[in-house]
Each structure stands twice: as structure tokens, then as C-alpha cells.
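Each chain, letter by letter, is given below.
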Amino acid sequence: MSHRALVIGATGIVGQNLANRLVAEGWSVYGLARRVEHLPGTVIPVAADALDPASLRTALAGVVPTHVFFTTWTRRATEKENCAANSAMLRNVIAALPEPQALVHGSLVTGLKHYLGPFEAYAQGAPPQTPFRESMPRLEVENFYYAQEDVLFEAADRHGFAWTVHRPHTVIGYAIGNLMNMGTTLAAYATLCRERGLPFVFPGSPVQWSSLTDVTDARQLASQILWAATSPAGRNRAFNVVNGDVFRWNWLWPELADWFGIKAAAYPGHATSLEQVLAGREADWAAIARQYGLREAALDRLASPWHTDADLGRPVECVTDMSLSRRLGFTGYQYTPDSFFDLFERLRTERYIP
């Protein structure tokens, strides 16, 4: 059959990598975002706000996808507001499709906050048992991931399409202006340390510094989403997805420093705030951008230190089990250092870092 994809959040770190992968596999791909001017020419732009039903109906009037991939989210002040806004976006998109009965599969990308809790109750209470497994029950707290899942399940039942939910850990990949972008944040941080003589200090908690952990390459995530959307074994399941290896930050941090030609500073033994370290450094970054002719002079377009602080500041171990999708046929693997180094190389090639 002819695959026609609608990727919601096509300019984000997940959506952009997924759209490119689908195009490479021969799919027709529509990319929905509020701003679509930076979409590649291989993706059909759909400019709309998922929180605006009227704009969605207009933008999607002639779009009949076989597969919908929901890869975006919006942040609100409270989790109650997060639940309302993020479930509304998914519901609005499905309602705006002119022929929802043509859908074969719907995919939703969430994350490990399914197990750790939302930002306002992040990793609080009794530490969750690791490794995280898909069979773990929902937490007894409000969580917009649960609200999104419920909308997806109801729509799939109503319109007769299959679904999958994908739960990555921290996603490492290429995207500019993304709200959750550890890789590019660390690239900007390391560049500032090198160019301004700052110590390259790991900003996270002692647990994150010394415990085993994992991350998810955006390309690995795209591969699993594609597999699940086209494999009978992937129907109506939730899947964890990480690179497939584990590491400790106390090993990886000096490796990242070496790539930038700097030394990793001694770990201070406690979490610091990268958001505070980068506060007030906008002029420094603008000067570096002028010096090297970089494409982006605004530090906040590259760095999202608040999210990196949240990830690296966790007081609990984070290790993710991928046995379910492996047993069902997904065998993808990505070496974690290369996730960072490939990203750094691309940022340098495209003149986002010197």
C-alpha cells in the first residue's frame, strides 16, 4: 500500500528525524507545525496550530494520511494544564482529519516521565524500581502522557486503527530551537567553556554522575517508530526505546570534553544549575557567533538548560528495559558516544558551533 504520513511536530527533535527517515523509506510525508519554513523540501508543509481546531481543519482539508505520528508537546504552568492542553492537541488533530477512517496506525511519543512522574512531581516519593518496564502501572498522579494515551486509545477504538506508544529516555539528535535538547545544550555549554575559560563541570546529581543510565538517539527512535507502524508485532503496544547500551556520566563526561579540546572539571560532589551557569551568557554567545560566523547568535535558540538540569539532576537511577520490542523483532542499536559526536559534527558543519 501507499504510505502517507502526517507528522505532528515535524520541526522538533523527534519529528524532524522521523520525517526524514520516512521520506528515505519512500513515504509521502506531511509535516505539521506552527512554523514550517525550515522543513526540507521533501516534506509537504502543513502550517497549523494543534490547539486551534479551525486552523487544523483548514490546513488538513485535503490531507488523508494512513499513519499519524504525534511527536510534539506544549508546556504549561501546572500538570493539570499540561493534561488539558496536550490531550487537546491530539484530539484536535484526529477530529480535523477529513477521513479518519483511512488511518491504519497512530503513533504517540511520550517518555520516561511515564515512570518518573511529571515535572512538578519529578522523581519524588519512593524511587521507582529499575529497569523501567512497559508493564509497570501508571503512577497515582496527574500526568499528561496518560491523558494523551487515553485520547489515542479512544480514537483508535472509534476509527479502527492500530496504535503504538513510544517511551524514549533523553533524546539526542539534531533540531534547532527545541525545548528539550540536551545534546545541543551541552555543545553550547562546552563551547562557552572553551572560548571563555569556564570550567566544564557536570551539573547533575551524584546519582546521575555515578550510576548506570542510558539515552535515546533520535535516529534509533525513528527506526523503532517505523518498525512498529509497519509490523504486525507492533500493533497496540507501548514500547520503551533507548540506544541499547548503558554508561555512566563520570565516564562519558571526559569523552565529551575531549571532543571540544577541553578538560572535564572535577565533579564537585553535588548538583549545580546549568541554567544559572548559562544565565547572563547571551552576550558571550553573540560575540562567539560573530567571531566564527555562526548561524545562530541567540543562545536560547540552542540551549535548553532547564531541561538538562531536570534530566541530570534526578536523584534516582534511570535504566530502561527494551526487552519487549527486541523479543518482537526490533533489533536496532546505537552506540551512545556516537549519538553525541555525530550531533556535534553536524552542528559544526552547519555552523551552529565553531
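Refer to the structure presented above.
I will try to describe carefully the structure that is included in this document.

Cut-offs and rules
- Residues numbered from 1 in each chain as written.
- Predicted model: local features only at pLDDT ≥ 70, side-chain atom pairs only at ≥ 80, totals over all residues.
- Heavy atoms only, no water.
- Axes fitted to C-alpha atoms, helices over the stretch in contact; angles between N-to-C directions.
- Helix = DSSP H or I, 4+ residues; strand = E, 2+ residues; numbered from the N terminus.
- Parallel < 35°, antiparallel > 145°, perpendicular 65-115°, else oblique.
- Left-handed = near helix turned anticlockwise from the far one by under 90°.
- Contact = heavy atoms within 4.5 Å.
- Nonpolar A, V, L, I, M, F, W, Y, C, P; charged D, E, K, R; others polar.
- Phe/Tyr/Trp six-rings, centres within 6.5 Å; stacked < 30°, edge-to-face > 60°.
- Buried < 20%, exposed > 50% of the residue type's maximum accessible area, 1.4 Å probe, protein only.
- Lys NZ or Arg CZ within 6 Å of the ring centre and 35° of its normal.
- Polar contact = N/O pair within 3.5 Å; in protein donor to acceptor, adjacent residues only side chain to side chain.
- Core = buried A, V, L, I, M, F, W, Y, C linked by side-chain atoms within 4.5 Å.

Let us look at the packing of helix H9 (residues 249-259) against helix H14 (residues 336-349). Two elements in contact, H9 and H14, have axes separated by 11 Å at closest approach and are oriented at 25°. Considering the angle they form, H9 stands roughly parallel to H14. Crossing angle aside, the handedness with which H9 passes H14 is right-handed. Counting all contacts with H9, which are made through Trp-249, Trp-251, Leu-252, Glu-255, Leu-256 and Trp-259, the residues of H14 involved are Thr-336, Pro-337, Phe-340, Phe-341, Phe-344, Glu-345 and Arg-348. Grouping the constituent residues of the contact of H9 with H14 by class yields nine nonpolar, one polar and three charged.

The next subject is the packing of aromatic side chains. Under the defined criterion, the tally for this structure stands at 23 aromatic pairs. Judged by centre distance (5.1 Å) and plane angle (45°), the rings of Tyr-189 and Phe-200 are tilted. Taken as a pair, Tyr-189 in helix H6 (residues 182-196) and Phe-200 in the loop between H6 and helix H7 (206-210) lie far apart in primary sequence, eleven residues in all. For the pair Phe-340 and Phe-344, a centre-to-centre distance of 6.2 Å together with 55° between the ring planes defines the contact as tilted. With Phe-340 and Phe-344 both in helix H14 and four residues apart, this pair spans about one turn of that helix. Of the two residues, Phe-340 and Phe-344, both sit in the buried class. An aromatic cluster of at least three residues, connected via ring pairs, comprises Tyr-189, Phe-200, Phe-202, Trp-209, Phe-247, Trp-249, Trp-253, Trp-259, Phe-260, Tyr-267, Phe-340 and Phe-344. Geometry around Trp-306 places Arg-75 over its ring, the cationic atom sitting 3.8 Å from the centre. When the ring centre of Tyr-174 is taken as origin, the NZ or CZ atom of Arg-346, which lies over that ring, is 3.6 Å away.

This brings us to the side chain of Asp-311. Along the chain, Asp-311 falls in helix H12 (residues 305-312). Overall, the relative accessible area of 6% leaves Asp-311 in the buried class. Only 2.4 Å separates the side chain of Asp-311 from the side chain of Thr-170, close enough to count as a polar contact.

Moving on: the nonpolar core. Within the largest apolar cluster, 43 residues are counted, with the highest numbers of intra-cluster contacts made by Tyr-189, Trp-249, Trp-253, Leu-256, Trp-285 and Phe-340. Those elements that provide at least two residues to this core are H6, H9, helix H10 (274-278), helix H11 (282-292) and H14. If we skip the residues at most four places from it in the chain, Trp-285 touches Ala-188, Thr-191, Leu-192, Leu-294, Glu-296, Ala-297, Ala-298, Leu-299, Leu-302, Tyr-352 and Ile-353. Formed by 28 residues, the second largest nonpolar core is a distinct cluster that contains Leu-6, Ile-8, Phe-161 and Trp-163.

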